[in-house]
Amino acid sequence: MLDIKKIRKDPEFFKQKLATRGIKAEEIDEVLELDQKRRDLLQKTEALKAQRNDASKKIGEAKRNGESADDAIKETRELGDQIKELDEKVEANDEVFHDKMSRLPNIPHDGVPVSLTEEGSVELRKVGKIRDFDFTPKHHWDVGENLGILDFDRARKVSGARFVYYLGLGAQLERAVYNFMLDEHMKDGYTEVLPPYIVNAASMYGTGQFPKFKKGVYQVNGEDMTLIPTAEVPLTNYYRGDVIPESELPVYVTALTPCFRSEAGAAGRDTRGLIRMHQFNKVEMVKYTKPEDSWDELEKMTANAENILKKIGLPYHVITLTTSDMSFTASETHDLELWMPAQNKYREVSSCSNCLDFQARRMHTQYRDENGKLQYVHTLNGSGLAVGRTVAAILENYQNEDGSVTIPEVLVPYMHGVTKITKENAVPFKK
RNA sequence: GGAGAGUUGUCCGAGUUGGCCGAAGGAGCAGCAUUGGAAAUGCUGUAUACGGGUUAAAGCCUGUAUCAAGGGUUCGAAUCCCUUACUCUCCGCCA
C-alpha cells in the first residue's frame with residue numbers, strides 16, 4: 001500500500017513512477033478525487049458527531065440532576081439520522097478508495113530498468129562456468145524419467161497435469177537439496193520456521209496477493225482459506241499487526257514449504273518437466289529490517305541465494321527485473337536464473353525483492369525508533385531457492401552420456417554417500 | 001462436533017443497575033530529584049489512527065474513532081442484544 005499523504009503532496013512523482021509499471025495517470029487522479037471526497041465527508045460527519053457528543057453530555061448532566069431532558073433528546077435524535085446517512089456515504093466511498101489504493105503497485109527504486117515488458121532487464125553478473133557437453137544434453141524430464149526417479153504419468157493419473165512423483169534417489173535428491181539450503185541459511189543467520197500452509201484472506205491481503213491476484217491461487221472450497229502460493233505469505237504475516245521490538249531487528253527467517261499455484265493463464269507454457277508445477281517445494285527467506293538498512297539487506301539476501309548455487313556448482317546469472325516484470329509489492333527485484341543446457345537458456349530459480357514499507361503498511365507492522373516513534377518496518381523476501389527447479393538444473397547440468405547423474409559434491413553427505421544416480425541404484429523397487 | 005467461561009491500554013487488572021470511562025489501580029518504561037555512583041525512595045510523564053488548524057520543522061492546539069471484529073437497540077454503549085473469530089475448561093472424536 002502506498003502512502004496517500006505522499007501521493008497528495010506530489011502526484012506527478014507517483015504518476016511518473018507508476019507509469020513505468022503500466023498504471024495510467026487517471027488512476028492516480030481517481031484515487032486523489034476519492035481521497036478529497038473522503039476528507040470532505042469526514043469533516044461534515046465529524047462536526048455533527050461533535051455536536052451530538054456535546055448534546056448527549058448535557059442530557060447526561062440533566063438526568064443526573066434529576067431534570068427533564070426530553071426536548072434535548074428530541075433534537076439530538078434528528079442529528080443521529082443525519083449522521084447515519086453521512087456515515088453510510090463515508091463507508092461507501094472508503095470501500096472504493098481502499099480498493100483502488102490496494103491495487104496500485106509499489107514505486108520502483110531509482111535505477112530499476114524501465115520497460116513495459118520483461119525485455120530490458122539488466123544483467124548484473126554471470127557466475128559459474130557453463131559446461132561444454134561432448135554429447136547432446138537431455139532435458140531434465142527425460143533424464144529423470146529414464147532413471148525412473150520422476151514419474152509424471154502416474155501423477156497425471158492421480159492428480160492431473162503439472163504434478164509429479166519423485167521416486168527413490170530422486171526424492172532423496174530433492175530432500176538433500178532443501179536440507180542443504182536450510183542449513184546454509186542457518187549459517188547465514190536465518191531462523192528456521194515451519195509455518196502453516198493454509199492462510200486466511202487477511203494474510204493474503206497483507207503480502208499483496210489479494211485483492212488483485214486471486215486467480216493464481218487455490219482456495220479452500222467455501223472457506224476463507226488459501227493454500228499458500230509461497231512461504232512469503234505466512235512468514236511475512238507472522239508480525240502482522242505487531243510492533244516489533246527494535247532490539248529484534250533485523251529479523252531473518254527461512255522456511256521450506258510446498259507452494260501451490262493454479263498457474264491459470266500459463267496454459268501451454270513449460271508443460272513438460274519440473275519448471276512449472278501446481279505444487280512445488282521452495283525454501284524462502286524473509287527479512288524485516290529498519291528502513292535505512294533494507295537496500296543493504298537486499299544485496300545480502302541475494303548473496304545468500306547465490307551462495308547455494310555457487311556451492312552446488314550450477315552456472316547462473318543475476319538480473320535486475322524491469323519495472324513491469326517485478327512483482328506487485330516489490331520496489332526492486334534481483335532474479336537468479338540457472339543455466340539449463342538442454343533448453344539452452346537461463347531459467348528463474350530465485351527472486352529477491354525489497355518491498356520497502358509497502359507490505360508493512362498493509363499489515364500494520366511497525367517498530368519503535370530511537371525517538372519512540374512508531375515506524376513501518378521494511379520487508380524483503382527471496383527464494384533461497386526453488387527446490388524443484390534446482391533439482392531440474394542438477395539433472396541437466398550434471399548428467400552423463402550414459403544417462404546417469406553425478407551428485408554435486410556438497411550434496412553427497414546429504415545423499416548418505418551416494419555420488420551418482422544410475423539406473424541400477426535409482427529406485428530400489430524397480431530393479 | 002456438544003456444553004460452559006472468557007477476550008479491556010506494553011503487561012497484569014478494575015469496571016457489566018448504559019451518561020461523571022480513553023478508561024481506576026498496579027507493574028513496566030522514560031524524565032527529573034536524591035546519591036561519589038548505584039539500589040531503594042519521591043515526583044512527573046507514558047496509546048494509536050484519521051481529519052482540521054498552526055509551524056521551516058520537531059511540535060502544539062482541536063475534532064472524530066478505537067475496551068477482539070462486525071452489526072443492532074439508544075439522545076448516548078467497554079457496559080444491553082445478535083453474528084463471527086479466537087482463547088480456556090469439560091465431553092466426544094482423532095494423528
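Residues numbered from 1 in each chain as written. Chains lettered and ligands numbered in written order. Predicted model: local features only at pLDDT ≥ 70, side-chain atom pairs only at ≥ 80, totals over all residues. Heavy atoms only, no water.

This part covers the nonpolar core. In a soluble, globular protein the nonpolar side chains are often hidden away together inside. Core analysis: the largest hydrophobic core is formed by 59 residues, its most contacted members being Leu173 and Ile394. The leading source of residues in this core is helix 7 (residues 169-187), at eight residues. Ile7, Phe14, Ile28 and Leu104 belong to the second-largest nonpolar core, a separate cluster that totals 17 residues. (Core = buried A, V, L, I, M, F, W, Y, C linked by side-chain atoms within 4.5 Å. Buried < 20%, exposed > 50% of the residue type's maximum accessible area, 1.4 Å probe, protein only. Helix = DSSP H or I, 4+ residues; strand = E, 2+ residues; numbered from the N terminus.)

Right, let's get into the pairing of strand 10 (residues 316-320). The buried fraction of strand 10 amounts to five of the five residues, a majority that puts the element mostly inside the structure. Side chains of strand 10 alternate between two faces, with Tyr316, Val318 and Thr320 and His317 and Ile319 buried alike. Relative to strand 10, strand 1 (residues 122-127) runs antiparallel, the two sharing five bridges. Within strand 10, the residue paired with Val127 across the bridge is Tyr316. (Pairing = 2+ DSSP bridges.)

So, about the sheet that holds strand 11 (residues 332-340). With mixed pairing, eight strands are arranged side by side in an open sheet as 1-10-11-12-15-9-8-4. Strands with a single pairing partner mark the edges of an open sheet, and in this sheet they are strand 1 and strand 4 (191-192). Relative to the sheet, helix 7 contacts strand 4, strand 8 (251-260), strand 9 (279-289) and strand 15 (378-386), its axis offset from that of strand 9 by approximately 5°. Strands strand 8, strand 9, strand 11, strand 12 (345-354) and strand 15 of the sheet are contacted by helix 12 (residues 387-397), whose axis makes an angle of about 30° with strand 11. (Contact = heavy atoms within 4.5 Å. Axes fitted to C-alpha atoms, helices over the stretch in contact; angles between N-to-C directions.)

As a further point, take the packing of aromatic side chains. Here the structure, examined in full by the defined rule, presents nine aromatic pairs. Taken together, a centroid distance of 4.9 Å and an interplanar angle of 40° make the contact between Tyr190 and Tyr252 tilted. Here Tyr190 is found in the loop between helix 7 and strand 4, whereas its partner Tyr252 is found in strand 8, with 62 residues between them in sequence. Tyr252 matches Tyr190 in its accessibility class, with the two residues each being buried. Clustering of aromatic rings is evident, with ring pairs tying together Phe213, Phe328 and Phe358. For Lys214, the ring lying beneath its charged end belongs to Phe210, and the centroid distance is 5.0 Å. Cation over ring: Lys287 sits above Tyr252, and NZ or CZ is 4.3 Å from the ring centre. (Phe/Tyr/Trp six-rings, centres within 6.5 Å; stacked < 30°, edge-to-face > 60°. Lys NZ or Arg CZ within 6 Å of the ring centre and 35° of its normal.)

Attention shifts here to the environment of Gln36. As for its placement among the helices and strands, Gln36 is situated in helix 3 (residues 25-64). Residue classification places Gln36 among the partly exposed residues on the basis of a relative accessible area of 37%.

What follows deals with a negative patch on the surface. Together, Asp70, Asp71, Glu75, Glu78, Asp81, Glu85, Glu88, Glu91 and Glu95 make up a region of like negative charge exposed at the surface. The residue Glu88 is located in helix 4 (residues 70-101) in this model. (Patch = residues over 30% accessible without salt bridge, like charges linked within 9 Å, V, L, I, M, F, W, Y side chains within 5 Å. Areas by Shrake-Rupley, 256 points an atom, 1.4 Å probe, with all protein chains shown as cover. Salt bridge = Lys/Arg side-chain N within 4 Å of Asp/Glu carboxyl O. Lys, Arg positive; Asp, Glu negative; His and termini not counted. Charge placed at Lys NZ, Arg CZ, Asp CG, Glu CD.)

Attention now moves to the pattern of salt bridges. This structure, assessed with the given rule, holds 26 salt bridges. Across the pair Glu30 and Lys100 runs a salt bridge, and its minimum N-O distance is 3.3 Å. Here Glu30 is found in helix 3, whereas its partner Lys100 is found in helix 4, with 70 residues between them in sequence. The exposure class of Lys100 is partly exposed, given its relative accessible area of 30%. Asp94 is the partner of Arg38 in a salt bridge, and the nearest nitrogen-oxygen pair spans 3.6 Å.

Bringing the confidence of the model for chain A into the picture now. With 100% of its residues at a pLDDT of at least 70, chain A reaches an overall mean of 93. Across the whole predicted complex the pTM is 0.93, and at the interface the ipTM reaches 0.87. (pLDDT = per-residue confidence, 0-100.)

It is worth spelling out the packing of helix 7 against helix 12 at this point. Contact pair helix 7 / helix 12: the axes reach a minimum separation of 10 Å and the direction vectors enclose 115°. The way helix 7 lies across helix 12 gives a crossing that is right-handed. Side by side, helix 7 and helix 12 meet where Leu173, Glu174, Val177, Tyr178 and Met181 of the first sit next to Val387, Gly388, Thr390, Val391, Ile394 and Leu395 of the second. Looking at side-chain class alone, the contact of helix 7 with helix 12 contains eight nonpolar, two polar and one charged residues. (Left-handed = near helix turned anticlockwise from the far one by under 90°. Nonpolar A, V, L, I, M, F, W, Y, C, P; charged D, E, K, R; others polar.)

With that out of the way, let us pick up the side chain of Asn93. Tracing the backbone through its elements, the reader meets Asn93 in helix 4. Asn93 gets classed as buried once you look at its relative accessible area, which sits at 5%. Apart from residues lying up to four places away in sequence, Asn93 is in contact with Leu34, Lys37, Arg38 and Leu41.

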